[in-house]
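So you can see what is in the structure, the chains are spelled out below.
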Amino acid sequence: MPSHPLFTDKTIALSATLAATIGLEEAVLLTILNDAASLQSNQWARLHCQTLRLQLPFWDDVSIRRVLRSLIDKGLLSLQGPMFPDAESLIFGFGSQGVTEVPADTSTRAIQQPAQPSVQPANVVQPMPGQTTPHKPLNGQWQPNEDTLARLEQHGVPRAFSWAQMDAFILQGQEQGANRNDWNTRFFRHVKNQWVFSQNDAQKNARIPERTAFNPAQDEAKPIALNWQPSADACQILGRAGIDPQFIEDAVAEFILYWSERGDAFKTWNSKFIQHVRQQWARYTSAVEHSPLPSRIVDNWQPAADCFDILAMGHIPQEFAQNLVPEFVLYWRDSNQVHNSWNSRFLQYVKQQWGKRLAQPVGDANGQQTTAKPGYTTAEASIQRLNDTSW
């Protein structure tokens, strides 16, 4: 079967396993460099920069430099001499081998550094990072290389911002105590994340004046001030709910004291005040009708209207109950006792007196002694009805 017409030049034999392990771009560049090194017998392979450009026409110099830096950071490649494309040729070796003196016929711009005892052949691809690449802790004198700073500038991160993140990055790395060989890569990610966060915060702050043109203070949570006062709208809402204005005013000091001691910060103090006053008002009105604390009876005490309605259900006239009020008040005032509900005591007292009245014999028209029968068969039946509290 003939090949596709688009395949007119040499193809790159790419390892799928290698691409899945180190990345597609890194695998492409490493394959090109490996093919070039396999044709040379020196410890350090040499590849002309223009030749590299011709073999990678789909990348510009910035992309090649970026992928090359990634291979170095991962410990898969070592360079001797300037970085691409700062020189005519790229001098490289595989793995983490140290930089040694470059032969005179290889490059005149090489960096002179001590050589390590053993060097792997140039055409041997080193294992994955972590197997032969030394992992080192992050020391206090560490600094990112120039390529990392240049990559950050390409992503729109100012160099001054990158340097400002140095202390935090070094401190974080030392606290973790990790030994790594990709500190430059990690620094790049750290600075990039910090830059994104700072840009998001700047955009958020830029939108605040538009949102808070009416009241800038409402967009920030703050502890309650000692001189805080509810807004006119909050007082109006509470007034419409039937809450006494004086009660609202008296609740302010208690509200401020409670929240100032807690130290919480909120943006909706007026809403919390409305909720607080409503709860306190419900408790207050409930306590007035059903006091949880026992008290003495007052001189001008009068039963509630509900008492007479309950007595009427037992067929006890209101006039009879009303006539018992003075002696009821006199008795309990002289006894100096306290109770939670005087209305309940009054109901019990009236029922007892009504039962006694029904039990008293009265004379009929023939002079016979009988009991009062206000609609009942016998006095005993009336007393039984009075004692029945199931209703």
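Residues numbered from 1 in each chain as written. Predicted model: local features only at pLDDT ≥ 70, side-chain atom pairs only at ≥ 80, totals over all residues. Heavy atoms only, no water.

- As annotated in an unreviewed UniProt entry, the protein carries the name DnaT DNA-binding domain-containing protein and is attributed to Thalassolituus oleivorans MIL-1.

## Brief notes about the sheet that holds strand 3 (residues 89–94)
Here's step 1: Pairing in this open sheet of 3 strands is antiparallel, and the strands run 1-3-2 from one edge to the other. Where the open sheet ends on each side, the last strands, each with one partner, are strand 1 (45–48) and strand 2 (77–79). Between one strand and the next, the sheet's axes are offset by a mean angle of 40°, whatever the strand orientation.
Here's step 2: Against the sheet, helix 2 (residues 24–37) makes contact with strand 1, strand 2 and strand 3, and its axis sits at roughly 90° relative to strand 3, the strand it touches most.
Here's step 3: Contacts from helix 4 (residues 61–73) reach strand 2 and strand 3 within the one sheet, and its direction differs from that of strand 2 by about 110°. (Pairing = 2+ DSSP bridges. Helix = DSSP H or I, 4+ residues; strand = E, 2+ residues; numbered from the N terminus. Axes fitted to C-alpha atoms, helices over the stretch in contact; angles between N-to-C directions. Contact = heavy atoms within 4.5 Å.)

## Brief notes about empty space enclosed by the protein
Here's step 1: A full pass over the atoms with the stated rule returns 1 cavity of 30 Å³ or more.
Here's step 2: Forming the walls of the largest cavity are Val-62, Arg-65, Arg-66, Asp-147, Ala-150, Arg-151 and Gln-154.
Here's step 3: Put simply, the parts of the chain that give the lining of the largest cavity at least two residues each are helix 4 and helix 5 (146–154).
Here's step 4: Here the lining of the largest cavity takes 4 residues from helix 5, the largest share from any one element.
Here's step 5: Across the lining of the largest cavity, the residue classes break down as 2 nonpolar, 1 polar and 4 charged.
Here's step 6: Both of domain 1 (14–92) and domain 2 (144–204) provide at least three residues apiece to the lining of the largest cavity. (1 Å grid on protein atoms, 1.4 Å probe; cavity = no way out; pocket = protein on both sides within 12 Å on 5 of 7 lines; lining within 4 Å. Points joined across faces, edges and corners; volume = space filled by probe spheres on them. Nonpolar A, V, L, I, M, F, W, Y, C, P; charged D, E, K, R; others polar. Domains from an automatic or database assignment.)

## A look at the confidence of the model for the protein
Here's step 1: Within the protein, residue pLDDT values average 76, and 72% of them lie at 70 or more.
Here's step 2: By mean pLDDT, the top-scoring element of the protein is helix 13 (residues 318–323) (92), and the lowest-scoring one is strand 7 (residues 369–371) (52).
Here's step 3: In this model residues 97–133 is a low-confidence stretch, pLDDT under 50, and it forms 68 contacts with partners more than four residues away in sequence or in other chains.
Here's step 4: When the criterion is pLDDT under 50, residues 373–378 qualifies, and its contacts beyond four places in sequence or with other chains add up to 6 contacts. (pLDDT = per-residue confidence, 0-100.)

## Points about the pairing of strand 3
Every regular strand shows the same layout, with side chains that alternate between the two sheet faces.
Here's step 1: Of all 6 residues in strand 3, 6 are buried, a share of seventy percent or more.
Here's step 2: Burial along strand 3 is two-sided: the face carrying Ser-89, Ile-91 and Gly-93 and the face carrying Leu-90, Phe-92 and Phe-94 are both buried.
Here's step 3: One ladder, built from 4 bridges, connects strand 1 with strand 3; its direction is antiparallel. Among the inter-strand pairings, Ala-45 is bridged to a residue of strand 3, identified as Phe-92.
Here's step 4: One ladder, built from 3 bridges, connects strand 2 with strand 3; its direction is antiparallel. Among the inter-strand pairings, Leu-79 is bridged to a residue of strand 3, identified as Phe-92. (Buried < 20%, exposed > 50% of the residue type's maximum accessible area, 1.4 Å probe, protein only.)

## Side note on a nonpolar patch on the surface
Here's step 1: Where nonpolar side chains cluster on the molecular surface, the patch consists of Ile-12, Leu-14, Leu-24 and Phe-58 and spans about 360 Å² of accessible area.
Here's step 2: Along the chain, the position of Phe-58 falls in the loop between helix 3 (49–55) and helix 4. (Patch = residues over 30% accessible without salt bridge, like charges linked within 9 Å, V, L, I, M, F, W, Y side chains within 5 Å. Areas by Shrake-Rupley, 256 points an atom, 1.4 Å probe, with all protein chains shown as cover. Salt bridge = Lys/Arg side-chain N within 4 Å of Asp/Glu carboxyl O.)

## Brief notes about helix 4
Here's step 1: Given a rise of 1.5 Å per residue, 13 residues ought to cover 18 Å, and the 18 Å separating the end C-alpha atoms of helix 4 matches this to within 8%.
Here's step 2: Within helix 4, the full set of buried residues consists of Ser-63, Ile-64, Arg-65, Val-67, Leu-68, Arg-69, Ser-70, Leu-71 and Asp-73.
Here's step 3: Directly beyond the C-terminal end of helix 4, a positive phi value near 75° is found at Gly-75. (Expected span 1.5 Å × (residues − 1).)

## Quick word on the side chain of Asn-145
Here's step 1: Mapped onto the elements, Asn-145 comes out in the loop between strand 3 and helix 5.
Here's step 2: In terms of polar contacts, Asn-145 uses its side chain to reach the side chain of Thr-148, at 2.6 Å.
Here's step 3: Contact partners of Asn-145, with chain neighbours within four places excluded, come to Arg-69, Asp-73 and Asn-184. (Polar contact = N/O pair within 3.5 Å; in protein donor to acceptor, adjacent residues only side chain to side chain.)

## A few points about the environment of Asn-184
Here's step 1: Within the secondary structure, Asn-184 is located in helix 8 (residues 183–211).
Here's step 2: Those residues in contact with Asn-184 that sit more than four places away from it in its chain are Asp-73, Trp-142, Pro-144, Asn-145 and Thr-148.

## What about helix 10 (residues 245–262)?
Here's step 1: Taking 1.5 Å as the rise per residue, helix 10 with 18 residues should run 26 Å; its terminal C-alpha atoms sit 26 Å apart, in good agreement.
Here's step 2: Ala-251 marks the point of greatest bend in helix 10, at about 25°.
Here's step 3: Where helix 10 is concerned, the buried positions are Phe-247, Ile-248, Ala-251, Val-252, Phe-255, Ile-256 and Trp-259.
Here's step 4: Near the N-terminus of helix 10, the side chain that reaches the backbone nitrogen of Gln-246, with its oxygen 2.7 Å away, is that of Asp-244.
Here's step 5: Gly-263 lies just past helix 10 and shows a positive phi near 75°. (Bend = angle between axes of the 7 residues up to and from the residue.)

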